[in-house]
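Architecture at a glance
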Amino acid sequence: MPLVILLAIVVLAVMFWRYRTVRLTRNCRWRENRAAGEWRCAYCGAVTRTANGGPPVICLQENG
Ligand SMILES: [Zn+2]
């Protein structure tokens, strides 16, 4: 039944998307510090740098 397989793929994709979205947005508010070339998370205080200069995509201190 191709329809069942298609439905399963859609459900898994939605679950994966929701999981990623929750992970990426929860507790993290990255602010750029141009002078230092760093990104600081306003929520947990983590400081990091990224290779491409863009904001980090994860919270570094999820359990903090
Ligand atoms: Zn954070």
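The text that follows walks through the structure, step by step, so that each part is easy to find. (Residues numbered from 1 in each chain as written. Predicted model: local features only at pLDDT ≥ 70, side-chain atom pairs only at ≥ 80, totals over all residues. Heavy atoms only, no water.)

A few points about the sheet that holds strand β1 (residues 30-33)
Reading across from one edge, β1-β2-β3 is the order of the 3 strands in this open sheet, with antiparallel pairing throughout. Each edge of the open sheet is held by one strand with a lone partner, namely β1 and β3 (47-48). Direction of pairing for strand β2 (residues 38-41) relative to β3: antiparallel, over a ladder of 2 bridges. Bridge pairing in β3 places Arg40 opposite Val47. (Pairing = 2+ DSSP bridges. Helix = DSSP H or I, 4+ residues; strand = E, 2+ residues; numbered from the N terminus.)

Concerning the pattern of salt bridges
Taken as a whole and assessed by the stated rule, the structure comprises 2 salt bridges. Across the pair Arg34 and Glu32 runs a salt bridge, and its minimum N-O distance is 3.5 Å. Classification of Glu32 by relative accessible area gives partly exposed; the value is 38%. The salt bridge involving Arg49 is made with Glu38; its shortest N-O contact spans 3.5 Å. Taken together, the residues Arg49 in the segment after β3 and Glu38 in strand β2 connect sequence positions 11 residues apart. The class of Glu38 is partly exposed, set by a relative accessible area of 22%. (Salt bridge = Lys/Arg side-chain N within 4 Å of Asp/Glu carboxyl O. Buried < 20%, exposed > 50% of the residue type's maximum accessible area, 1.4 Å probe, protein only.)

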